[in-house]
Amino acid sequence: DAKTTQPPSMDCAEGRAANLPCNHSTISGNEYVYWYRQIHSQGPQYIIHGLKNNETNEMASLIITEDRKSSTLILPHATLRDTAVYYCIVRVNAGGTSYGKLTFGQGTILTVHP
Amino acid sequence: DSGVTQTPKHLITATGQRVTLRCSPRSGDLSVYWYQQSLDQGLQFLIQYYNGEERAKGNILERFSAQQFPDLHSELNLSSLELGDSALYFCASSLSVGTQITDTQYFGPGTRLTVL
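What you are looking at is a predicted structure, and each value in this text was computed from that prediction instead of being measured. (Residues numbered from 1 in each chain as written. Chains lettered and ligands numbered in written order. Predicted model: local features only at pLDDT ≥ 70, side-chain atom pairs only at ≥ 80, totals over all residues. Heavy atoms only, no water.)

Moving on to the interface of chain A and chain B. The partner chain B presents 23 residues to the 20 residues of chain A that form the contact. Taking both partners together, chain A and chain B bury about 1700 Å²; carbon and sulfur atoms supply 57% of that area. Our enumeration of links across chain A and chain B arrives at zero salt bridges. At the level of secondary structure, the elements contributing two or more residues to the side of chain A that touches chain B comprise strand E3 (31-38), strand E4 (45-50) and strand E8 (84-92) of chain A. Element by element, the count of residues in the side of chain A that touches chain B is highest for E3(A), at four residues. Classifying every residue of the side of chain A that touches chain B by side-chain character gives ten nonpolar, eight polar and two charged. (Contact = heavy atoms within 4.5 Å. Buried area = accessible area lost by both parts, 1.4 Å probe. Salt bridge = Lys/Arg side-chain N within 4 Å of Asp/Glu carboxyl O. Helix = DSSP H or I, 4+ residues; strand = E, 2+ residues; numbered from the N terminus. Nonpolar A, V, L, I, M, F, W, Y, C, P; charged D, E, K, R; others polar.)

Here it is as structure tokens:
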């Protein structure tokens, strides 16, 4: 699976959009970008994933650049409860020896302040 | 609530002991994954089971073993425990073998293991 690079920490004001970047310059054509977050020591929570088109769900939007070498997770109206570690993960969705495992990096600590 | 349950929530034991962690996947999910999260190593994949069979192995120590039962719940057995085994252990489940587009992994709340 391709390696990802994320800033170690970011701040965001409550009510504003939080834009979390992720670099995955070695991503392969069959690798998807996944985002998870972990609040305190709770289990990681799935947020969104995509291949090359922009994706949106009730939690967030995912913008993937045309060359797929980077992406941005957008939380449109951050709340205090969005304070968490956000993980960007690249994973193959087409078989192979890695199967389904997720490889977590250090993630980005997002702090939402009042 | 992800639908994945793990027991116990907390476990305190001594070095050299053996413990069993239990995981029940979401209804309908066939794959179960185990991850370990320690302060120095971050979240690391240990092992995956799919419909009762071992599917993939990660950084799992020989002192650790797992199995998935016919009802699809899974147990992670940790033996000859060392201080360094203190960590959060998470279980996740997904619908299929793990490589399909529908195979989003949903995580349980974890078991916090403290080895004294």
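Next comes the rest of the description.
Another point: the pairing of strand E3 (residues 19-24) of chain B. Residues and elements named next belong to chain B. Every second residue of E3 is oriented toward a common face, the buried set being Val-19, Leu-21 and Cys-23 and the non-buried set Thr-20, Arg-22 and Ser-24. Sheet topology places strand E1 (residues 5-7) next to E3; three bridges connect them, and they run antiparallel. Along E3, the bridge assignment pairs Gln-6 with Cys-23. Where E3 meets strand E8 (residues 74-78), five bridges bridge the pair, whose relative direction is antiparallel. The residue bridging Thr-20 from the neighbouring strand is Asn-77, located in E8. (Buried < 20%, exposed > 50% of the residue type's maximum accessible area, 1.4 Å probe, protein only. Pairing = 2+ DSSP bridges.)

Moving on, we get to the sheet that holds E8(B). Within a sheet, adjacent strands bond to each other through the backbone by hydrogen bonds, running parallel or antiparallel. Residues and elements named next belong to chain B. Taken together, the four strands give an open sheet; going across it, the order is E1-E3-E8-E7, and neighbouring strands pair in antiparallel fashion. Every interior strand has two partners, whereas the edge strands, E1 and strand E7 (64-68), have only one. Here the strands of the sheet are splayed against their neighbours by 15° on average, with no regard to which way each runs. (Axes fitted to C-alpha atoms, helices over the stretch in contact; angles between N-to-C directions.)

Tallying each qualifying case throughout the model produces two disulfides over all chains. A:Cys22 shares a disulfide with A:Cys88; S-S distance 2.1 Å. For the disulfide bridge between A:Cys22 and A:Cys88, the dihedral angle about the S-S bond is near -80°, and by the sign convention the bridge is left-handed. Separated by 66 residues along the polypeptide, A:Cys22 in strand E2 (residues 18-23) and A:Cys88 in strand E8 bring together distant segments of the chain. Take A:Cys22: its relative accessible area is 3%, and that puts it in the buried class. With its sulfur 1.7 Å from that of its partner, B:Cys23 forms a disulfide with B:Cys91. Note on the B:Cys23 and B:Cys91 pair: the S-S dihedral is about -40°, so by sign convention the disulfide is left-handed. With B:Cys23 in strand E3 and B:Cys91 in strand E9 (residues 87-94), this pair connects stretches of sequence that are 68 residues apart. (Disulfide = S-S within 2.5 Å.)

Looking now at the sheet that holds E8(A). Residues and elements named next belong to chain A. Here we have five strands laid out as an open sheet, ordered E1-E9-E8-E3-E4, and mixed in their pairing. Looking along the sheet, the strands with just one partner apiece sit at the ends: strand E1 (9-13) and E4. Between one strand and the next, the sheet's axes are offset by a mean angle of 25°, whatever the strand orientation. The sheet contact formed by E1 and strand E9 (residues 108-113) spans five bridges and is parallel. Counted as the bridge partner of Asp-11 is Thr-111 from E9.

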